[in-house]
Amino acid sequence: MRISLVSLIGAAAAALALTATGAQPSAVAEPSVAAAGGKIDLQGAVNVRDIGGYRTYDGATVKSGKAIRSDSLEKLTDSDVQKLGTLNLKAVIDLRTPAEVQFAGADKVPAGVQKVARPIDDTGLFQQMLAAIQSRDPVKQEELLGNGKAEEIMANVYRSFFTDDSRAKFGQTIRDLAATDRATLYHCTSGKDRTGWLTYVVLRAVGVPESTARQDYLLSNQYRAAADAKLREQVKQAGLMQNPDLLIPLQEVRTEYLDTAIAEMEQTYGDFGKFLTQGLGLDGGTLVQLRKNLVN
């Protein structure tokens, strides 16, 4: 899949910028708007949320302390790890590719928490994009990302959620969420695309209205905005990109990206229910158990 290109590009650009300038990462202001979905404030990750608290069609509530979505955990401070240790975590499921983990670092998790590597593959596009940024060539960067090219990359990312390998890994993660007696945290690099799609599917699968699941998906823009803007500033200051705004479509989640995945789902499977069973391989018993485990 083409995921690591998009999810790693920000981290890569930031690392290159910091290397070039000798600067250290600075603190990022927290978003001021209160979010649904139970944000968990950490110093080393900006998009960590308990998905509990959402209401279902029949008036039930998604349980807190069961499913936590996140960006990557390699930058957690000791106090962050201690805070995670209070959440009764059973497992942390890492959807990053080996290349992402090698580049950014392994997750930092509390002692005794199971670490599960469940990588969603990429197609090597990350290296091409990284080379373009390292080239400091604004013409090449514009050719790759300008005039809607970055949006096309993102559309392809969301279509690639439906490869056999990706569907198998999304499905297995949902089975894990159905079976766990404690909390499970799952994440990719930015916590917005793979993690966002998975959370959208889980919320809908347990009866949360589509419009609510969509709002949860879009919250990544709120929580990532300050950090992403800081990254673009660093890239420009380091002389890596004259126009770092070319990165914005890669950094954001957008309604049209989610709609691309939904259109692919409907075209292939007909409706959401068939996607759960035929696409993700979830049987009726698993879906019943998922709701029982995640919903009060």
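We now turn to the structure provided with this report.

How each quantity is defined
Residues numbered from 1 in each chain as written. Predicted model: local features only at pLDDT ≥ 70, side-chain atom pairs only at ≥ 80, totals over all residues. Heavy atoms only, no water. Helix = DSSP H or I, 4+ residues; strand = E, 2+ residues; numbered from the N terminus. Contact = heavy atoms within 4.5 Å. Areas by Shrake-Rupley, 256 points an atom, 1.4 Å probe, with all protein chains shown as cover. Polar contact = N/O pair within 3.5 Å; in protein donor to acceptor, adjacent residues only side chain to side chain. Salt bridge = Lys/Arg side-chain N within 4 Å of Asp/Glu carboxyl O. Buried < 20%, exposed > 50% of the residue type's maximum accessible area, 1.4 Å probe, protein only. Expected span 1.5 Å × (residues − 1). Arc of directions from axis to C-beta. Phe/Tyr/Trp six-rings, centres within 6.5 Å; stacked < 30°, edge-to-face > 60°. Lys NZ or Arg CZ within 6 Å of the ring centre and 35° of its normal. Pairing = 2+ DSSP bridges. Core = buried A, V, L, I, M, F, W, Y, C linked by side-chain atoms within 4.5 Å.

1. Considering the overall build of the protein
Of the regular secondary structure elements, the protein holds 13 helices and 5 strands. Here the analysis covers contacts within the protein between residues at least 6 apart in sequence; of these, 75% occur between residues at least 24 apart. For the protein, the accessible area works out to roughly 12300 Å², and carbon and sulfur atoms hold 50% of it.

2. Details of the side chain of Arg254
Looking at the secondary structure, you find Arg254 in the loop between α10 (248–251) and α11 (255–269). Here Glu151 takes part through its side chain, which lies 3.4 Å from a polar atom of the side chain of Arg254.

3. Concerning the pattern of salt bridges
Side chains that differ in sign of charge can pair as their charged atoms come close. All chains considered together, the criterion is met by 22 salt bridges. Of the charged contacts, one joins Lys39 and Asp41 as a salt bridge, the two residues approaching to 2.9 Å between their closest N and O atoms. Asp41 sits in the partly exposed class, given a relative accessible area of 42%.

4. What to know about helix α7 (residues 164–179)
Look at α7: 23 Å from first C-alpha to last across 16 residues, which is about the 22 Å you get at 1.5 Å a residue. By the burial criterion, the buried members of α7 are Ser166, Arg167, Phe170, Gly171, Thr173, Ile174, Leu177 and Ala178. Looking down the long axis of α7, one finds its buried residues gathered within 160° of arc, a one-sided arrangement. Those residues of α7 that are exposed and aimed more than 90 degrees away from the buried face are Asp164 and Ala179.

5. Some remarks on the packing of aromatic side chains
Tallying each qualifying case throughout the model produces 11 aromatic pairs. Plain terms: the ring middles of Phe272 and Phe275 are 6.4 Å apart, the flat faces sit at 45° to each other, and that makes the pair tilted. Note that Phe272 and Phe275 are positioned in helix α12 (residues 272–279) at a spacing of 3 residues, about one turn of the helix. Taken together, the aromatic side chains of Tyr158, Phe161, Phe162, Phe170, Trp197, Tyr200, Tyr217, Tyr257, Tyr269, Phe272 and Phe275 make up a single cluster linked through ring pairs. Across the ring face of Tyr223, the terminal group of Lys39 is positioned such that the distance to the ring centre comes to 5.1 Å. The side chain of Arg204 reaches across the aromatic face of Phe272, ending 4.2 Å from its centre.

6. A word on the sheet that holds strand β1 (residues 49–50)
Ordered by their spatial adjacency, 5 strands build an open sheet running β1-β2-β5-β3-β4, and the pairing between neighbours is mixed. At either margin of the open sheet sits one strand with a lone partner, and together these are β1 and β4 (114–117). Bridge count between strand β3 (residues 89–94) and strand β5 (residues 183–187): 5 bridges; the pairing is parallel. Residue pairing for β5: Ile93 is matched across the bridge by Tyr186.

7. Comments concerning the nonpolar core
In this structure, Tyr158, Trp197, Val201 and Phe275 are the most contacted members of the largest nonpolar core, which totals 62 residues. Of all the secondary-structure elements, those providing two or more residues to this core are β3, α6 (149–159), α7, α8 (194–205), α9 (210–237), α11, α12 and α13 (284–294). Of all the elements, α8 adds the most residues to this core, at 7 residues. Residue contacts for Trp197: discarding those within four places in its chain leaves Phe161, Phe162, Phe170, Leu258, Ala261, Ile262, Met265 and Phe275. By size, the runner-up hydrophobic cluster in this structure holds 15 residues, among which are Leu42, Ala45, Leu76 and Leu84.

8. Topic: the pairing of β5
In terms of burial, β5 is largely enclosed, as 5 of its 5 residues are buried. Residues Ala183, Leu185 and His187 point to one face of β5 and Thr184 and Tyr186 to the other, with burial holding for every one of them. When strand β2 (residues 67–70) meets β5, the two strands line up parallel, connected through 4 bridges. By the bridge assignment, Ile68 is partnered in β5 with Leu185.

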